[in-house]
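# Structural features, examined
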Amino acid sequence: MLEVNHLDVVFRTYGGEVKAVRDVSFHVDHGEIVAIVGESGSGKSVTVKTIAGLMQSENAEIRNGNVLLNGTDLLKMTEKELRKVKGSTMTMVFQDSMTSLNPTMKVGKQIEESIKEHTGLSKSERKDKVITILKQVGIPNPELRAEQYPHEFSGGMRQRVMIAIALACNPELLIADEPTTALDVTIQAQILDLLKGLQANYNTSIILITHDLGVVAETAKKVIVMYAGMVVEKAPVDQIFKHPGHPYTEGLINSMPDVSTDKNERLIPIEGSPPDLFSPPTGCPFVSRCKYAMEVCEHHIPPEFEVKYNHFSRCWLHDERAGVNHFNANKEGEETDQK
Ligand SMILES: Nc1ncnc2c1ncn2[C@@H]1O[C@H](COP(=O)(O)OP(=O)(O)OP(=O)(O)O)[C@@H](O)[C@H]1O
Ligand code: SF4
Ligand SMILES: [Mg+2]
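What counts and what doesn't
Residues numbered from 1 in each chain as written. Chains lettered and ligands numbered in written order. Predicted model: local features only at pLDDT ≥ 70, side-chain atom pairs only at ≥ 80, totals over all residues. Heavy atoms only, no water. pLDDT = per-residue confidence, 0-100. Helix = DSSP H or I, 4+ residues; strand = E, 2+ residues; numbered from the N terminus. Contact = heavy atoms within 4.5 Å. Near = heavy atom within 4 Å. Nonpolar A, V, L, I, M, F, W, Y, C, P; charged D, E, K, R; others polar. Pairing = 2+ DSSP bridges. Axes fitted to C-alpha atoms, helices over the stretch in contact; angles between N-to-C directions. Buried < 20%, exposed > 50% of the residue type's maximum accessible area, 1.4 Å probe, protein only.

Here the protein chain shows a mean pLDDT of 88. Residues at 70 or above account for 92%. Averaged pLDDT values over the elements of the protein chain bottom out at 57 in helix H13 (residues 326-338) and peak at 98 in strand S10 (residues 230-236). Considering only residues more than four positions removed or in separate chains, one finds that residues 335-339, a stretch of pLDDT under 50, has one contact.

Right, let's talk about the site of ligand 2 for a bit. Around ligand 2, a shell composed of 13 residues is seen, among which Cys284, Cys290, Cys297, Cys315 and Trp316 lie nearest. Of the residues belonging to the shell around ligand 2, the class tally is twelve nonpolar, one polar and no charged.

Another point: the sheet that holds strand S4 (residues 60-69). An order of S2-S1-S4-S5 is seen for the four strands of this open sheet, with the pairing classed as antiparallel. Lying at the two open borders of the sheet, with one neighbouring strand each, are strand S2 (16-28) and strand S5 (72-73). Of the pairings in the sheet, the one linking strand S1 (residues 2-13) to S2 comprises nine bridges and is antiparallel in character. The partner of Leu7 across the bridge, within S2, is Val24.

The next thing to look at is the sheet that holds strand S6 (residues 90-93). Pairing within the open sheet is mixed, and its eight strands lie in the order S6-S7-S8-S3-S9-S10-S12-S11. The sheet is open, and its two borders are formed by S6 and strand S11 (305-308), each paired with just one other strand. Averaged over all adjacent pairs, the angle separating strand axes in this sheet is 20°, with direction ignored. Direction of pairing for strand S9 (residues 222-227) relative to S10: antiparallel, over a ladder of six bridges. What sits directly across from Tyr227, in S10, is Met230. The strands touched by helix H7 (residues 155-167) within the sheet are S6 and strand S7 (173-177), with S6 carrying the most contacts at an inclination of about 170°.

Turning our attention to the pairing of strand S3 (residues 33-37). With five of its five residues buried, S3 lies for the most part within the structure. Burial along S3 is two-sided: Ile33, Ala35 and Val37 and Val34 and Ile36, pointing in opposite directions, are all buried. When S3 meets S9, the two strands line up parallel, connected through four bridges. Along S9, the bridge assignment pairs Val37 with Val225.

This paragraph deals with the pairing of S1. Sheet analysis places S1 next to S4, joined by eight bridges and oriented antiparallel. In the strand pairing of S4, Glu3 is matched with Leu68. Where S1 folds back onto S2 in an antiparallel hairpin, the turn is made up of two residues.

Given below as structure tokens:
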């Protein structure tokens, strides 16, 4: 349903051009939950904001690429056309619901406005729908809550309101940029269950940005790993945890707390820091931190190798000229296991 092809986004600043998103391609199927992971500054938010048409007002320039939603290029739409798509087909939920909600308008009214903008329902039908949606996102006493203002809600409840607004028009695609980061663990789990329920009951496609690989493992079907503005790996979720195909992903997984082992066990952080996006490396963006780096990595950006069906990695180790190495040794091991 959504296809992002070769997207390049730069920011013009006094210090030069920030190459925030480089050659990003991926797709989301109907009813699929896709997670985007990667360190801070890797381009996750810029990617989804570009998809949602939120980059125009900033000092951003979309240099290349297209974003096809059900076959139509969102980047070529007029503002009016895009406004129609936003809310009816595609909506976005952000981390900080306080800044996204209108503090001076009752919550029910805000949801109703969203319904009004995108459907032809009458006023009384809209009011009924507000209550139904508030129930659907697990807000108790919906009749009372609809008459309250955002500051009367807790962080978790406000986030539910944001999701309620997003759902008011049954979007085909929901983009959630770290929707649970500001919340405590229990509430986080409830919001994620809510998103999973949407996918299961309404076949909503969801793009979920998160720093938490545990959340990814429990929620998503497919994972996109970003590093320094590029997609370095994409794979089905079970595949990526068992057999990561990129050294950066491997590093992320090794630095993830494992609940099944002793909590005191030391995690292995990825040493070093990401490259400067004003002048990213001419070769692989991960080269300065990669323990497997070869000469080719310094000078040439790795292409996307299909490591396995639907599993892609931008790493030269998958080129047959790299010989037997850590990654294809793993693969051979796996084949033997299967036999
Ligand atoms: N308006 C802007 N002007 C200049 N640079 C920007 C602007 N917005 C974002 N950037 C830069 O673009 C890069 C990608 O930012 P982005 O917000 O997409 O990262 P992210 O992966 O979402 O990080 P986080 O996990 O911290 O949310 C960063 O280097 C950031 O500094
Ligand atoms: S291309 Fe080279 S530097 Fe980049 S991740 Fe692969 S081995 Fe490491
Ligand atoms: Mg972000």
